[in-house]
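Okay, here's what each chain looks like letter by letter:
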Amino acid sequence: MSILVVGSVALDTVETPFAKVEEVLGGAASFFSTAASLYNQVNLVAVVGSDFPEEYLDFWRSRPVNLAGLQIQEGQTFRWVGRYHMNMNDRDTLDTQLGVYAGFHPVIPAEYLDSELLFLANIQPELQLEVLKAAPHARLTVLDTMELWIMTAREQLTEVIQQVDILLMSEEEVHQYTHCASILAGVRALFALGLKYVIVKQGSYGALLFGADGTYFSAPTYPLEEVADPTGAGDAFAGGFLGYLSTVEPQADGRYAAGDLKRAVVHGNLIGSFACEDFSIARLRTLTIDEIDARYRRLVEYSHFDPDWRI
Ligand code: AMP
């Protein structure tokens, strides 16, 4: 089962209180593709400039990442510069250079059209709408976004939300988009737009899965001794979530079993935790299924408790 992703591929300059890296591989689609390709074939739709290092393309060629939909255009690759605060959670965007994204229109190669899962990674909502129109046959559509689009492209973002099955949002973004003080009220407002599931990412505190059918699951996070760089953790989360889902079959009614969705959210958390251990995709690049499995088992141990109790 292959996964189509559209989103940014970027060169990031990231500064934390402890270290700085310049012009390393970043972008939502980059983290996603690297993570999800641990599980299954990823069909990437994005654009890079003529300055994009060949080394990164070679790396994706060594993985099941199809680059037929990656346009290489004359000009500069998208660049993003961010600086983290001491808590390694909050960050300031210091600069964004759209480069070749300024005139980008996604083109979906014919060989991508049978992709069963579609991930609309963080990118302008108008481009996400173009992809939804061009690839209408995906069995499951998942959307990610960011504060910038909530503030500057709310109407188009709402249009996208109305057309997808699952929305990923950070807790902060739920408040910003719905203007609700409580997450539950915010999620209810999001369900009114037709979503089947909402996943609320809580950074280093884990993630919550809400279903319009009443499903609720709180996935614990894997405790990390040290966070090197949280950039891309959300996209890596999506890669783990959709990557795992791509390995299971939906039920006869077309819906995924609750147990599979819960396991997928846990995979999201785990892959997000690995992404934080180094800059760029450095940790995801070397990650193995055995390492994911070991961390999965430890997380079960850490969060399981006995349902029976008495005084
Ligand atoms: P995350 O930490 O999951 O929010 O993802 C961070 C990634 O998003 C970085 O690698 C950036 O290159 C990318 N990014 C930052 N701003 C934008 C934007 N305006 N559009 C698309 N991608 C962006």
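Before any of the text, the structure's been laid out above.
First, a word on scope: everything that follows refers to the structure included in this document. Keep in mind the model is a prediction, meaning the values are calculated, not measured.

Reading the values: rules and limits
Residues numbered from 1 in each chain as written. Predicted model: local features only at pLDDT ≥ 70, side-chain atom pairs only at ≥ 80, totals over all residues. Heavy atoms only, no water. Pairing = 2+ DSSP bridges. Helix = DSSP H or I, 4+ residues; strand = E, 2+ residues; numbered from the N terminus. Axes fitted to C-alpha atoms, helices over the stretch in contact; angles between N-to-C directions. Contact = heavy atoms within 4.5 Å. Left-handed = near helix turned anticlockwise from the far one by under 90°. Nonpolar A, V, L, I, M, F, W, Y, C, P; charged D, E, K, R; others polar. Patch = residues over 30% accessible without salt bridge, like charges linked within 9 Å, V, L, I, M, F, W, Y side chains within 5 Å. Areas by Shrake-Rupley, 256 points an atom, 1.4 Å probe, with all protein chains shown as cover. Salt bridge = Lys/Arg side-chain N within 4 Å of Asp/Glu carboxyl O. Lys, Arg positive; Asp, Glu negative; His and termini not counted. Charge placed at Lys NZ, Arg CZ, Asp CG, Glu CD.

## As for the sheet that holds strand β2 (residues 10–15)
Okay, step 1: In space, the four strands of this open sheet follow the order β3-β2-β6-β7, with mixed pairing throughout. Each edge of the open sheet is held by one strand with a lone partner, namely β3 (20–26) and β7 (91–97). Across this sheet, the average inter-strand angle for adjacent strands is 20 degrees, counted without regard to direction.
Okay, step 2: In the sheet, β2 pairs with β3 via five bridges, with the strands oriented antiparallel. If you follow Asp12 over to β3, its bridge partner there is Val24.
Okay, step 3: Running over the sheet, helix α1 (residues 28–36) touches β2 and β3 and is turned about 70 degrees from β3.

## Side note on the packing of α1 against helix α8 (residues 233–245)
Okay, step 1: Closest axis-to-axis distance for the α1/α8 pair is 7 Å, and the angle between their directions is 35 degrees. The element α1 and its partner α8 pack so that their crossing is right-handed. Residue-level inspection shows Ala28, Phe31, Phe32, Ala35 and Ala36 of α1 in contact with α8, the latter providing Asp235, Ala236, Ala238, Gly239, Gly240, Leu242 and Gly243.
Okay, step 2: Counted by class, the contact of α1 with α8 contains eight nonpolar, three polar and one charged residues.

## A few points about a negative patch on the surface
Okay, step 1: A grouping of Asp90, Asp92, Glu147 and Glu172 is seen on the molecular surface, where their side chains present a negatively charged patch.
Okay, step 2: Secondary-structure assignment places Glu172 in helix α6 (residues 171–178).

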